[in-house]
Each structure stands twice: as structure tokens, then as C-alpha cells.
Amino acid sequence: MNPMRWATIAEGLIEAVWVVDPQTRRILYGNTAAARLLGVEPGALIGSAVEDWIADPQDHVYWQEWQDGIEQTLESEAAVRRIDGERVRVQRRISPVTLEGGETVVLVAMQDLSEWQQACQRLETLLAELRAALESTTDGILVCDLDGRIRAFNRTFAAVWELPEALLTQPDDSAIWGHLAARVPDPSGFLSRLGELQRAPLLEAHDAVLLRNGRILERISRPQLARGRPIGRIHVFRDVTQRTAMEAKLRLAAKVFESSLDAIVVTDPERYIVTCNPAALKLAALERDPQGERLDDLLYAPSQPDWARLVAQALADQGYWEGELWLRRPEGPAVALLASWVLLRDSDGRPLNTVLFAKDLSEKLEAQRRIEQLAYSDPLTGLPNRLMLGERVRHAIHLSQRSGCGFALLFLDLDRFKSINDSLGHMFGDQVLVEVATRLQRCLRQTDTLSRLGGDEFVIHLHEADGHAAETTAQRIIEAISHPVTIGEMQFTLSCSIGIAMYPRDGATLDELIRCADTAMYQVKERGKGHHRFYQPQMNAHLLERIQMDHAMRQGLHMGEFELHYQPRVDLRLGTVPACEALVRWRRPGHGLVMPGSFIGLAEETGLIAPLGQWVLQHAIAQAARWAAQGRPLQVAVNVSALQFQQARFVQDVADTLQQHGLAPHLLELELTESILIRDAQEALTKLQALADLGVELSLDDFGTGYSSLAYLKRFALHRLKIDRSFLMSMPEDEADAAIVAAIVQMGHALSMEVVAEGVERPEQLQRLRALGCDHYQGFLFAQPMPADALLARLASLDADPTPTPGP
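Figured I'd write up the structure that's included with this text.

## Description of the overall build of the chain
Thought 1: Counting its secondary structure elements, the chain contains 28 helices and 32 strands.
Thought 2: Taken over the C-alpha trace, the chain has a radius of gyration of 62 Å; the compact-globule value for 808 residues is 28 Å, which it surpasses by more than 25%.
Thought 3: Each of the three principal axes of the chain carries a C-alpha extent, and together these read 200 × 75 × 50 Å.
Thought 4: For the chain, with 808 residues in total, the buried portion stands at 44%.
Thought 5: Taking the intrachain contacts of the chain between residues at least 6 apart in sequence as the baseline, contacts between residues at least 24 apart amount to 54%.
Thought 6: A total of about 42500 Å² of accessible surface is found on the chain, and carbon and sulfur atoms cover 54% of it.
Thought 7: Between the mean site of the 81 positive side-chain charges and the mean site of the 108 negative ones, the chain shows a separation of 1 Å.

As C-alpha cells, this is what we get:
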């Protein structure tokens, strides 16, 4: 057999080729590729035994079968041995070839698998590495082809989406997509978004997916490319629930940092400023961030020069420090701060930053100062209040106990100050009090204490003063207060009443001294005001008596101890008794019948006069109604107090009482004083007109003793003028009084009013009144006040003898 014949065919092949004689099992021909495979020269193969190059034991059996005449075709992997002994894996194909002469040879074609195996090994290694990387990532990864079929996913993906175990062992694309859709609140929206991504192979997307369990997944979807062309899509799912919450917290912290009203300064461990919030810049009056400056240089503590060392020590030992510091500012005064300083450490415990939280204490300190001022001083005048007065008096008592020197306490009250407030307003009254305080201070020494208790009450502590010094000071004060006061365009005159108590004679404590001085001042008020008086022990007895009387009156009104007596009023022309005046009496248990002069003044002071006056009005109208029902109509006059007249329902109460008892209004006369009418003339005019419209008759009592105003008098709907008894007492002997009475009678008649003379006790008074043309009189000359039954009996006797005669 000619080898060149095979060479012509085999040398052009990349495969290694042997031609083997099956009988001898020797290589008849081997091409260059075969020599290169086995590491020999091309000619070295010819004549060599096949067994020299085969490495698999079973191949010996195979070639033996060829020698035995068993022809068989074989295609398999096998191993050959190179000349250097190295085993090489090959892919071989063995087949018989029959030549022209009928001779059979064996054709062996082999392909070196070394590079392929190495490539496969590298590919397997790469795939293993990729799988390891896929499984080791904290992100869930899903790989799909262009048709949306799932090619791979990692365990993190399965965990994030909570894939059931069945879908891990037996993947089912439809079931997996259905499971994913079921895990989100909006399944249709989720699947719709996946469809959009599938229809756009090159689209990259970055969005978030909210799961039903509340977790948030960040989804990054990118195309999978091979040689620049899309072959699928990779979905990356990252659980960002904690990160989202942390980012929200960071945003909130940043917002708090920027919006905080407290100053916040962040420094490095050496306390050099890193950053600060706007509140800190505003507090420090800085326009730029003082980054890089040492914070300690901006702060100081007046009471602790080594404050910086104490702060550093506290931060190192405890991690925080709290206290008060002062902040220097480029301009203006320093600012007091309430500071909280904390140290931040890293995970290894090393100092990372310090943070100073500071609150401006300016308002707090000012408020504290103001509170102390308010606690110890009067807000209107700035004078010491009772609390500070108490401290100073206690100190004075302590000094007095050591030195034996006493002191005086003066209680001062302005006279008629309420009228100023009522007429000109409280703001005007406050200005008056400030002026009074200024005048009082000018009357005192620096060692004395002037305090305002409230309203128009002042208390003065005179340091180491005896009775003479106290009296001299009181007189000086009264004179200073009496000087004209000018506020705006208003000018007026004040007066004051002063009570004086001496330590230790009148009391051992401030409360006792004030009570005694107040009692003495009250005695001054009762005796005309405008002067001073020292406390006397019997004053308390008088005050206690008044307190007891007030209580007894209130109890008496409730228990029915008051009663009415009636004094007839006589018509001077006709000699008849057309009317009477109702006068209250108090039948006080243990005291007998008490006259009104003993209790009316106290009732007016305590306000009891209003309910007492209503009681008198009710019972007088009831009695007049009974007389009228008995066929003896008699007009009843009732005195009305200022407080009762000022009641908002006074007119309505009169109307209701008249209607209740069925009394004709003209049988009721209301006696008013001039002070009632001029206090608020317009209001008085309105009420008087309303009473006149009811049909009630009105009289002006004690005319000539008050501030009479003819301009007002002619406007009021009055029926009578009542001449005060003070003008009648000496009228027969005193021509001046007689002239006054004559003038009153003439004026009353000129104003179409009747004139009534009160307190007529002597015949010569009656004779003179009749000569002057007076219309009516009442007094002891005709009759004293008497109970209703006695008055009715007296009127009956008068009917029997129509000539009026003086009574007992």
C-alpha cells in the first residue's frame, strides 16, 4: 500500500488520522496532525504499534478483535499517550475501509479534546463563580428571556418574594408570576409594568414595589445583552424598607436640625465647629457659618473660669454635660444659654463628634426678674407690696428687739377715690395713684418703707419712729396729698385718712399692726375724713360692735324683726291728713325698739340697705293697699336709698309690687335725696320719668342740705319738696333760716310743686310756716311715728274732731 496515497487525502485535514493494518495492528500512515497530537515527527508513526499510543485498557481488547477478524465501527472518547507519556483525551471515530484489491484497513480519525475540555472547565468554573455570586448577593435577582420565560433566580429573590418551596423544586413560570402579583397591593398594575418592560427590550427602569406585608422593594430592570443585542432581561430587587425608613428619619432629622428653635452646633472631637443650624447663627448674630472656629472661644461661664475643662471631663467620663453658659456676640451684650453638650462615638468607641444644644435664657431670666419684681412690688406704682413690706417689718422687729427702739406703721386710704374711678375711669384713677405714690415718697426718709396693698390703700413703715415723729409725718403726708392734682386738663383736690399703730405697743406682728392702723383709719373715715388718728384699744370694741350689728341686722331681716311706723303728714290749708311717711324700726331682741339712726348708716355701708329698702317698699305698699281696701285711702311715702335706686330693676320692682297688692300708684310716694339725682342725672331722669309714667308721686327729701341744682330740679318729674328739719329748728328766732324756708316755698310753688316741712315740733314753727304759705307739715307737734293700727285710730279720732291738734 502506498502511504502517499493517504497523504494526499489526509494532510489537508485538521483531524489526526491513522491508517492501521488490522492484522498486525501497526500504523501504516499518520498525518501531520496525528504526529503533532502525539508529539513526534510525522514519519515516526509509520510502523509503530497501535498499543504504543493507546492509554485505555479496553482499547487493547478492541484492537484484538480486529486482529481476530471482527470488524466494527466505533465512535467514542478515548485517551492516547503522547511520546512524553502525557495522556490526551480525544474524540475518535474508527471505521474499516476496503481498498481496490479487496484489502481492508482501519481508518482512525481523532480530534484533540484538550482545549475543548479546558474551555468547558473554564466555563464550568465561570458558571460556578456566577452562581456563587448570584447566591451571595443581598439583592434578589430574576433573569428572563425576551419572551418573559424565567431562566434563573437566586435564593434572595425567593426569600424576598416568599416563594413557596414547591416553586423552588419544580419551577413553574405561570405560578411564579401569579405568586409575585399576589404579593403586591395592585396585581394588575404590577403585571402591566412587567409587560411594558418586556415590550421594550432595551428599556432600563428603576422604580419601587410595595408589598402587601408593608416592605418596600427597589426594582432595577436592565436588558441582558449578548454581542450588543438583547437576549433577555435582568430584574434586581433590593429590600429598602429599612433604608427608606432610615432616609425618612435622616430627612426628618435634617428638617429638625434646620427648623429647630434651639441652637444646635456640631463640632469635631477637639470642639472645632463643623456645622450649625440657622437658630445658632441667629442666636450668635452671625451672618456666616463659623466652620473651623473653636467653639470654646465663643463661650464663657462667669462663675466657673475653668468651665471648658469641666465640660471636657464630663464628656469623656459620662458622654454629656448640662449647665448654663454665656455666648459672646460680635455686637451687643452676651446671651445666657441653657446648654446640653453630648459626645458621639463611632462603633469602636472613638470620639466622633460633639453636639451642643443651646436655648436662649434671655426671656427666662427676664421673666424670672419680672416675677421677682411682681412678687415683691406693686405693678402699677413700683412700690414694695405686702410681701416685701412683711420682710422689712420682720427685719425691723428683729432690730427693735435688740435695740429697744420701736417704729410706727401708718395705714393710708384716699378719701372718695371710688368717685374718681367711677366718674373718670380706672385708667385715670391709676394715674392718680401713681401721682399719690410719688408725693408720699417725697414725704419719707430712705430708711422708711412705702408700700401699696391694693386699690387706694398704702401702708408706711417709719423706721425707729416714736409717736411724735409718726404724727409729724402723717401731717406732712396729709398736706402733700391735699395740694391740687393736675392730670391732663383735669385739676382736682384729694384728701386722705391715716391710721397709726405703734410697735410694740399696738402689735407684735405686721398683721396685728396693719389691723390696728386700719381700725384707726376707719375711725378717721367715720369722723369726717382728711386727718389722722392713733390706734386706741377701745376702737376694736367699736369695730366688733359694728360687725355684730351687721350680722344681727341680716338675721333680723330674715327673722322678721323689722317693722314699720307711720308719721302722718298734715295739709296746712285743710287740716286733713292725706298722707303718711313709712319709717322703719328694728325690734332687736335684748335691745328693745332700735331707731333707724342707729343702724341705717351701717346698712348703707354694708349694702344691706338695698334688701332692707325693698322690704320697706313691699310692706308699706301692702299696708296702703289694706287701708284703701278698708275705705281709708292714705298715701304712703317711702324713703329710697341711693343703692336701692341704682338697682337695674328698681322701677320694675315698684311696678310689680303695686300690681301684686293692687294699690293705686298715686297712693305711693317715693322720697329721694338730692345726691341720688345728681350722681347720674341722665339715668335718674329716665327712672323718674318711668316712675311718673306709672303714676307714682315723687318728692325731694332734705332739700337744701345737698348740692342743689336748679337746672336739674326743673327737669325732674317731682311733686313735692321736703324742707329739712335743720332749717326749722331756729326759724322763729333766726331770720336767715326763715328767709331760706320762704325761698324754698316760693321756688317750689314756682315749679308747681307742693312744699312739706319736716320736724315741726313747736306751735310757733307751725304758725310761721302757715304764714309763708307752706303746704304740708309733719313732726312731733302733730304726731310721732306710730304703728299702723295706732295711726288708723288717730285718724278715726280726727274724723270725730276735724280740728287737728298736736299729738303727744
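## Some points on the side chain of Ser699
Thought 1: Here Ser699 lies in strand 29 (residues 697–703).
Thought 2: Assessed through its relative accessible area of 0%, Ser699 is described here as buried.
Thought 3: At 3.5 Å, the side chain of Ser699 forms a polar contact with the side chain of Glu669.
Thought 4: Beyond its immediate stretch of four places on either side in the chain, Ser699 contacts Glu669, Leu670, Glu671, Leu672, Leu718, Arg720 and Lys722.

## Some remarks on the pairing of strand 24 (residues 562–571)
Thought 1: Of all 10 residues in strand 24, 9 are buried; the element is thus mostly enclosed.
Thought 2: Note that strand 24 and strand 25 (residues 579–588) share 8 bridges and pair antiparallel. In the sheet register, Gln567 faces strand 25, and the bridge partner there is Glu581.
Thought 3: One ladder, built from 2 bridges, connects strand 24 with strand 32 (residues 776–778); its direction is antiparallel. Looking at strand 32, one finds that Asp571 is bridged to His776.

## Overview of empty space enclosed by the protein
Thought 1: Throughout the structure, instances matching the rule amount to 4 cavities of 30 Å³ or more.
Thought 2: In this structure, the largest cavity occupies an estimated 140 Å³ of space.
Thought 3: As for the largest cavity, its lining consists of 17 residues, and the residues nearest its centre are Val265, Ala280, Ala284, Leu295 and Leu327.
Thought 4: Elements that contribute at least two residues to the lining of the largest cavity include exactly strand 11 (263–267), strand 12 (273–276), helix 10 (278–284) and strand 16 (351–360).
Thought 5: It is helix 10 that provides the largest number of residues to the lining of the largest cavity, a total of 4 residues.
Thought 6: Its residues assigned to classes, the lining of the largest cavity shows 17 nonpolar, no polar and no charged.

## Regarding the sheet that holds strand 2 (residues 26–30)
Thought 1: Pairing is antiparallel across the open sheet formed by 5 strands, whose spatial order is 2-1-5-4-3. In this open sheet, the two strands that pair with only one neighbour each are strand 2 and strand 3 (74–81). Direction aside, the axes of adjacent strands within the sheet are offset by 35° on average.
Thought 2: Bridge count between strand 1 (residues 16–21) and strand 2: 4 bridges; the pairing is antiparallel. Pairing of Asp21 across the sheet is with Arg26, part of strand 2.

## Some points on the packing of helix 26 (residues 735–750) against helix 27 (residues 763–772)
Pairs of packed helices are described in terms of their axes, by the angle between the two and the distance that separates them.
Thought 1: Where helix 26 contacts helix 27, the axes come no closer than 10 Å and their chain directions differ by 45°. Judged by the angle between their axes, helix 26 and helix 27 are oblique. As for the relative orientation of helix 26 and helix 27, their crossing is right-handed in sense. Contact with helix 26, carried on its side by Glu735, Ala738, Val741, Ala742 and Val745, involves Arg768, Leu769 and Leu772 of helix 27 and no other residues of that element.
Thought 2: Here the contact of helix 26 with helix 27 is composed, by residue class, of 6 nonpolar, no polar and 2 charged.

## Focus on helix 20 (residues 609–629)
Thought 1: Its 21 residues place the ends of helix 20 30 Å apart at the C-alpha level, agreeing with the 30 Å of an ideal helix rising 1.5 Å per residue.
Thought 2: Taken from the residues just after helix 20, Gly631 is the one with a positive phi, measuring 85°.

Procedures and definitions
- Residues numbered from 1 in each chain as written.
- Predicted model: local features only at pLDDT ≥ 70, side-chain atom pairs only at ≥ 80, totals over all residues.
- Heavy atoms only, no water.
- Helix = DSSP H or I, 4+ residues; strand = E, 2+ residues; numbered from the N terminus.
- Rg over C-alpha atoms; globule rule 2.2 N^0.38 Å.
- Buried < 20%, exposed > 50% of the residue type's maximum accessible area, 1.4 Å probe, protein only.
- Contact = heavy atoms within 4.5 Å.
- Areas by Shrake-Rupley, 256 points an atom, 1.4 Å probe, with all protein chains shown as cover.
- Lys, Arg positive; Asp, Glu negative; His and termini not counted.
- Charge placed at Lys NZ, Arg CZ, Asp CG, Glu CD.
- Polar contact = N/O pair within 3.5 Å; in protein donor to acceptor, adjacent residues only side chain to side chain.
- Pairing = 2+ DSSP bridges.
- 1 Å grid on protein atoms, 1.4 Å probe; cavity = no way out; pocket = protein on both sides within 12 Å on 5 of 7 lines; lining within 4 Å.
- Points joined across faces, edges and corners; volume = space filled by probe spheres on them.
- Nonpolar A, V, L, I, M, F, W, Y, C, P; charged D, E, K, R; others polar.
- Axes fitted to C-alpha atoms, helices over the stretch in contact; angles between N-to-C directions.
- Parallel < 35°, antiparallel > 145°, perpendicular 65-115°, else oblique.
- Left-handed = near helix turned anticlockwise from the far one by under 90°.
- Expected span 1.5 Å × (residues − 1).

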